[in-house]
Every structure is written in C-alpha cells, then in structure tokens.
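Here is what each chain is made of, one letter per residue.
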Amino acid sequence: MIDGKRVKQVRLSAYGGRSCAAITEDDTLYTWGANFGGILGDGTTKSKTHPVKIMDNVKSVNLDAPAYAIKTDGTLYMWGNAVDSLKPTKIMDGVSDFSSGGCYTMALKTNGDVYMWDRNDEILKKPTKVMSNAKEVQGSENFGSAVTKQGELYVWNWDYKSGKEPVKIMDNVDTIRPFDTGMAASIVAITKDKELCVCDVLSDSDLKLKPNIIMIRDDVENISINYWGGCYVITSDKALYEYVLNHDNSGHISVSNEGKVMDGVEKGKSTAYANAVKKTNGDLYMWTDASWAPGYGKLYTETPKKVLGNVSSFDIESVFELNEVSAAAITKEGLLYMWGSNKNGELGNGTTTSIWKPSKIGTQSSSKSAVSAMSVDDSEETIEETLSAMSQATSISTAVKTKSYSKLYANTIYNFYVMKDKAAKDPLASNNLLYIGQKTASSKGAVAFTYGAREVYADADIFVAATPADDLRYYTPTIKSSTYTYAGKAIKPTISLTVHGKTLKKGRDYTVRYKDNKSVGTATIIIEGIGD
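The rules behind the values
- Residues numbered from 1 in each chain as written.
- Predicted model: local features only at pLDDT ≥ 70, side-chain atom pairs only at ≥ 80, totals over all residues.
- Heavy atoms only, no water.
- Phe/Tyr/Trp six-rings, centres within 6.5 Å; stacked < 30°, edge-to-face > 60°.
- Helix = DSSP H or I, 4+ residues; strand = E, 2+ residues; numbered from the N terminus.
- Lys NZ or Arg CZ within 6 Å of the ring centre and 35° of its normal.
- Buried < 20%, exposed > 50% of the residue type's maximum accessible area, 1.4 Å probe, protein only.
- Pairing = 2+ DSSP bridges.
- Axes fitted to C-alpha atoms, helices over the stretch in contact; angles between N-to-C directions.
- Salt bridge = Lys/Arg side-chain N within 4 Å of Asp/Glu carboxyl O.

Caption draft 1: Representation of the packing of aromatic side chains in the model. Evaluation of the coordinates by the stated rule reveals 9 aromatic pairs. Seen in terms of ring centroids, Y405 and F416 are 6.3 Å apart; in terms of plane orientation they differ by 65°. Their pairing is edge-to-face. Of this pair, Y405 sits in strand 33 (residues 401-405) while F416 sits in strand 34 (residues 413-419), and the two are 11 residues apart along the sequence. Connected via pairs of aromatic rings, a cluster forms that spans Y405, F416, Y435, F449 and Y451. In this structure, K279 is placed above the aromatic ring of Y285, and the distance from its NZ or CZ to the ring centre is 5.4 Å. Against the face of F449 rests K439, its NZ or CZ located 6.0 Å from the ring centre.

Caption draft 2: Just the pairing of strand 23 (residues 240-247), in detail. Buried residues dominate strand 23, accounting for 6 of its 8 residues. Two elements, strand 22 (residues 230-235) and strand 23, share 5 bridges in a ladder whose sense is antiparallel. Considered in strand 23, the bridge of G230 is made with V244. Sheet topology note: the strand 23/strand 24 (residues 253-262) ladder contains 8 bridges and is antiparallel.

Caption draft 3: Highlighting the sheet that holds strand 19 (residues 196-200). The strand order 17-18-19-20 describes an open sheet built from 4 strands, whose pairing is antiparallel. In this open sheet, the two strands that pair with only one neighbour each are strand 17 (173-180) and strand 20 (213-217). Pairwise comparison of adjacent strand axes, ignoring direction, gives a mean angle of 25° for this sheet. Of the pairings in the sheet, the one linking strand 17 to strand 18 (residues 185-191) comprises 7 bridges and is antiparallel in character. Bridging across to strand 18, I176 finds its partner in A189.

Caption draft 4: Geometry of the pattern of salt bridges. Enumeration according to the criterion identifies 20 salt bridges in this entry. D171 serves as the salt-bridge partner of K168, at 2.8 Å between the closest nitrogen and oxygen. For D171, a relative accessible area of 43% translates into the label partly exposed. Salt-bridge contacts for E266 lead to K278; the nearest nitrogen and oxygen are separated by 2.6 Å. Linking E266 in strand 25 (residues 265-270) with K278 in strand 26 (residues 274-279), this pair joins segments that are 12 residues apart in sequence. Using a relative accessible area of 35% as the deciding quantity, one classes E266 as partly exposed. A relative accessible area of 9% places K278 in the buried class. Each of R11, K269, D315 and E317 takes part in one network of salt bridges that share partners.

Now the structure itself:
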C-alpha cells in the first residue's frame, strides 16, 4: 500500500524501468525512482527512493518520453523535458488515450480525433489534427498508426507537416502493436476474427506504402513484442506461443514459429531481457532468453518460474543498453510488490540496492518495511529457504529443521526470523540475519516453518512476528443497533472494534467521527486507524 491506500495501477518507464508511477484506489498519482529531466513531475530533478504524491484524480499515467497523465475528467497533463516543466502542465481537454514515438506525441480524443505534435519545436502549443474516427493510436520510432472504429488500419510518416496524409493498409482490425527497429518497421495486428497478421510498413519519400501482409494464426487474444522481435502470442484457449519477427536487408518481414511455451496464460509482456506472464489463477511467471541478463540465476532462468501468486496486474521493463531489469506487481488485495534493478531507487523501498525477490512496498518506517517486505506465495507450496532480500545471502549450509507455533492469530501472515541477536542495532543486516521466511497461520492459529540457517550459531534468536494489519476496512465494527429514533440532537452510537480477537481502544488505536447524524436520514460512522 501507499499512504495506507491500495494500489490499482503501476507503470515502469520504458527506459529500463528506472522510474515508476502508481495510482492508488482514490485516483492519486505517486512517482519515484530516477528523475532525469524532471520525469517524476515533483518539481525537482532529484531521484526519489520512496513514492511521492504528484496529483489527484488521475485515470492513467506513463513515464516514457514524454511523461503524461490523463485525469478522470479527460484532461491531458505532461511534464519533464517535453514541456520544459518540472510539474504537470495541462495540454488539452477531452483525451482518452496517448502514445508517442521518436520525437512525436499523439493524443486520441474522446470524439475519435487524433492530434499529433513535435515535442522539439513550438508546435507543441498547436497540436495538429491528423485524422478522425479512431479508437486506438500507437506510436513508434518511424511512424504513427491508428485503428478506426470500423476496423480500418491507417499508417503515416512522422513528417505530417509536409501534408502527407495517413494511408489505409488493412481492414477488419481490432488492435495493433508496432515493431520498429529504427531501420525497418512493421505492424502486428489482431483482426476482429482473431487472426494474427504481420504487415510491412515500407515507404518511399512520397509515403507510398507497400504492405506485405502475412497471416500467422486465427485464434489470438493478445500479443507482446520485445526489442529483439520476440512475439509472444496468447490464444483463445489461454496457451502461450512464441514467434520471432525478422526484417531482411530490404526491410521485408518474415516470421518463424518457436513453439508453445505454456498453458493457462491470461496476460503477458516481453522486454529486451525479461518475459513475464500472469496465469489465469493469478500466478506470475518470469523467464529470460539471455543468460547474461541481470538477475539471471537469482530470479529466473530460461525456464518460466513462478515468482509471485495472487496477482491482479503487473509491469516489467528492461533495456539492453543499460543492463537493467525492473518489475512490479499488484496483488488482488491492492498490495504493491517490486523487484529487480534499483540503481536509482526505482523499487521504492528507500534504498538503491537491487532485489531479486518480490518485496512489498509501502510508506512505512524503514525498519518496519524491511521486516514486512517479503514475497508471499499464495499456492499450497511451503515457503522454505526464503532469504531476506536485505541480507542477500547466497546459500544454505546447515541442517534443515522445523519450528512450530500455536495459539497465534488465525489466518494471519507471520514472518519467521533466525537472528544472531534480535536486539542488534540493525537486526536485518547480512551479518546478523541467518534466515527469514513467511507463512499464513491456520484457522486454529498454528503454523510451522521448515528452515536451514545460512550458518551455525549456538545462541540464535528464533521467533515469529505478525505482519501489521494494513487496513481497518478488512474488519467489521460492532454497533448496538443500526436504527435509532431521532430525538432532536446528534446521535453518536458507541462502537467496538476487534482485530484478531483483540478489542482495540478508541483514542489509542483508532478515532471515530460521524457524518450526517444530526437529522432524519442515513448517517455514517467513520473509523480511522492511528499509527501503522
């Protein structure tokens, strides 16, 4: 959570994921990480290692070049080098989507009009209308593209100021993804009949397009294309297949089938270094096609590996030139987990240390965050030999043991610690922490941990600690009655609140205030927690 609020959207910047943005359940935008050119929008160019609030009422966000946000009322804001402003600057109203490529940006308005402008000259203040009746826009290095509401695919050269109009190259299109290497360009399209097609976008100086359309298969739901031309396809029966796109010396596209990867896939994303998919059961898997990729052997290999469960959405980014990979996932409860490269604080945990295991992110004190930021596997598999990302331990060298506990809070997540000294100044330091794991207690309050400390230590402290309750909305207060007779004065019923069998104390653990309780009608009792 961020500021005690669930997270509903997270986006990593395309430049290695060095900057991150998140939108919470109340539509508040937060950013953190690298702040080159003021891309975080906080009024500075200083990198941030914790989430910083930027603006309210945000529907969508992107921290690519340029950084932008669309508010819930459809207003488009941009910031950073694109508008020479370190804070969000309003550009136009009535925007439903946005895309960019090269030095150009495009806005799709709610009425279907497409506007485009050059971020490097004064035309920024005068966006130019390119076409109408669009439902989707996509930008790439060399060209812009759009799909109309009738399914027509149009493509145009970025040199729109010379009067070159968009050219129609295909019908019956549902959605598109550009594949643009800078030297040659193609569009991968899914038709309304679920056909997957690849189309050359070759042009001469007059933009006379010569499309070469290749139909690949006819049962496609979604696609993702990476820097190298790897095209991962999710079919109607939720299977994942890999194809490779290649441009020859003349710019013509060819396609090779690399075969089936796995079943039960709902969503996927492929980047220069890393691939990730969310399965239909909420499990998130990752793998890499490069043994030199950052985190290889720690987080993933060439074989898909489960890294987190109970996921609702995710994002990953990597850039070949920077040798960086970052990933983020939101669980179905709205908790944010991050992992990967962290040179600029992009993981949002207050450090610049890379972490190769999902870690929960939240604006708590640094010590409490370190204790609670562990990945939780929601499958039935036991979490064993889970090392703290803070300790960066590399091996388990002692005998495996089991430690059991009872009379704990039922159905509560517990962290299990083996330390040389739990009273140490920095208990999670690598020279003090011997093991850490995490499991959920049973309905009877019992839990057992199987572990192996990374070294033998005769007087080690071994203990469990419940993770802090994140949100009082998970618990139901007790009230004597829900109906009262109005007697001419404000009504303030007494409530009690119990968490894990313990009755909390008003004024110490929470506050109570009342709304609309001074006249006949429906009143509201508002309970707010105190502290963490």
